[in-house]
Amino acid sequence: MSRVDTRQVGPEDGGQRLDRWLKRQFPQITQGLIEKACRKGEIRVDGGRVKANTRIEAGQSVRVPPLPDAPAAPPVLKSGISDADAEMIRSCVIFRDQHVIALNKPPGLPSQGGSGQGKRHVDGLADALMFDYKERPMLVHRLDKDTSGVLLLARTPRVARRLSESFRHRNTRKIYWALVAGVPQPLMGTVRYGLLKTGGRGAEKMRCIHPNDVDSTEGAKRAQTDFAVIERLGSRAAWMALSPITGRTHQLRAHMAEMGHPIMGDGKYGGSAQENLGDGWGAGIGGEVSRKLHLHARSLVLEHPVTGGMLNVTARLPEHMAQTWALFGWTERDAPADPFEDA
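Computed from a predicted structure; not experimentally measured.

A short note on empty space enclosed by the protein
According to the stated counting rule, one finds 1 cavity of 30 Å³ or more in the structure shown. Its boundaries defined by the atoms lining it, the largest cavity holds a volume of some 40 Å³. Forming the walls of the largest cavity are His 141, Val 150, Lys 174, Tyr 176, Ala 297, Ser 299 and Leu 300. Counting only elements with at least two residues in the lining of the largest cavity, the list comes to strand 9 (172–181) and strand 15 (295–303). In terms of residue count, strand 15 provides more of the lining of the largest cavity than any other element does, 3 residues in total. Residue composition of the lining of the largest cavity, by class: 4 nonpolar, 2 polar and 1 charged.

Structure, rendered in structure tokens:
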């Protein structure tokens, strides 16, 4: 850039440090150049001198001095992301605007890298979801590897902070669908067992702790799950709506197993290979029912981080669950959008 430029801070960029905002606008600029230009007064905000770590706000004007030309644009995708993977992750997009991307994550694809997860995960494929933006979108929550459904990514750091706050303060409405062994009684209720992490890396498992013992059990955290039966297959299985009020690791899987109704295909919490005779144990029906985990993040409702309107995202069932539903004669339209409100 060979001349002085003045740029306005957009509504989605307020609250950022000046140096980070500049690096997003001009990828070729270095930290040293930014700090030097600030010391010399060449970079100004609303006409005033600033430091590199100054927080900028929406609507402010940033004076930018002449900068070195940007190098040739790098490829959009990271090396190692195949065309097939890029196409796959883009096909998972079920909602996108200037601020948020929502995916219907397929089962078997981890949200992030970690022990035993390999390099193929949503976060590792995020470069394929940049579309017309200069930076990769950021995960703001996670789903277990074998859980499918709604997964949100933020397109800017400010949106990521706001969405993270929504999840942290529980200002979201999450509804999961699951197929469980047996039929819970009562048909609607709440599980309040605390959860304690056990096992090492790669073998992580949660143990349920009675609510009265949570405070006295080191490492235990309180957890709450609302549940409602939507349909029944005699006494052998039930289509459940599950709403996690807290967001603990493996919360839904551990809570359903503690009730004596493990989620179908969940070998870690209930034993997917055990025969199910209708009393809730174990989690295998057999026949044409897939042995994959039958747990799906069906919908997510929250306040849009920028517009303030309600964002309501719904994800269709993955193939193996859709086949099970068809086998039992269930259809997605049989369920109310929120069984807990409509009860």
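Here's the deal with a positive patch on the surface
A cluster of basic side chains, namely Arg 20, Lys 23, Arg 55 and Arg 161, defines a positive patch on the protein surface. Structurally, Arg 20 can be placed in helix 1 (residues 18–25).

Comments concerning the packing of aromatic side chains
Enumeration according to the criterion identifies 5 aromatic pairs in this entry. Between Trp 325 and Trp 330, the ring centres sit 5.4 Å apart and the planes meet at 85°, which makes this aromatic pair edge-to-face. Neither residue differs from the other here; Trp 325 and Trp 330 are each classed as buried. An aromatic cluster of at least three residues, connected via ring pairs, comprises Trp 177, Trp 239, Trp 325, Phe 328 and Trp 330. Arg 96 extends its terminal NZ or CZ atom over the ring of Phe 131, reaching a point 3.8 Å from the ring centre. Of note, Lys 205 hangs over the ring of Tyr 269, and the distance from its end group to the ring centre comes to 5.4 Å.

Conventions used here
In this convention, every chain numbers its residues from 1, walking through the sequence in written order. In keeping with the model being predicted, local features are shown solely for residues with a pLDDT of at least 70 and side-chain atom pairs are shown and tallied solely at 80 or more, while totals for entire chains, interfaces and linings include all residues. With hydrogens and water excluded, all non-hydrogen atoms of the structure serve as input to the side-chain values. Space inside and on the surface of the protein is sampled on a 1 Å grid over the protein atoms alone, with a cavity defined as a set of points where a 1.4 Å probe fits but cannot get out and a pocket as an open set with protein on both sides within 12 Å along at least 5 of 7 lines; lining residues have an atom within 4 Å of a point. Grid points are joined across faces, edges and corners, and a volume is the space filled by probe spheres set on the points. Helical segments are the DSSP runs of H or I of at least four residues, strand segments are the runs of E of at least two, and each set is numbered from the N terminus. The classification used treats Ala, Val, Leu, Ile, Met, Phe, Trp, Tyr, Cys and Pro as nonpolar, Asp, Glu, Lys and Arg as charged, and all other residues, Gly among them, as polar. Residues qualify for a patch when their relative accessible area is over 30% and they have no salt bridge, like charges being joined within 9 Å and the nonpolar side chains of Val, Leu, Ile, Met, Phe, Trp and Tyr within 5 Å. Accessible surface is estimated by sampling points in the Shrake-Rupley manner with a 1.4 Å probe; for residues, cover comes only from the protein chains shown. Salt bridges, as used here, are contacts in which a Lys or Arg side-chain nitrogen is within 4 Å of a carboxyl oxygen on Asp or Glu. Under this rule, positive means Lys or Arg and negative means Asp or Glu; His and the chain ends count for nothing. By convention, charge coordinates are those of NZ in Lys, CZ in Arg, CG in Asp, or CD in Glu. When two rings of Phe, Tyr or Trp (its six-membered ring) have centres within 6.5 Å they constitute a pair, described as stacked for plane angles under 30 degrees, edge-to-face for angles over 60, and tilted for the intermediate range. Partly exposed describes any residue whose relative accessible area lies between the buried limit of under 20% and the exposed limit of over 50%, with all areas from a 1.4 Å probe on protein chains only and scaled to the type maximum. Charges are assigned to positions over rings by a cutoff of 6 Å between ring centre and Lys NZ or Arg CZ, combined with an angular limit of 35 degrees from the ring normal.

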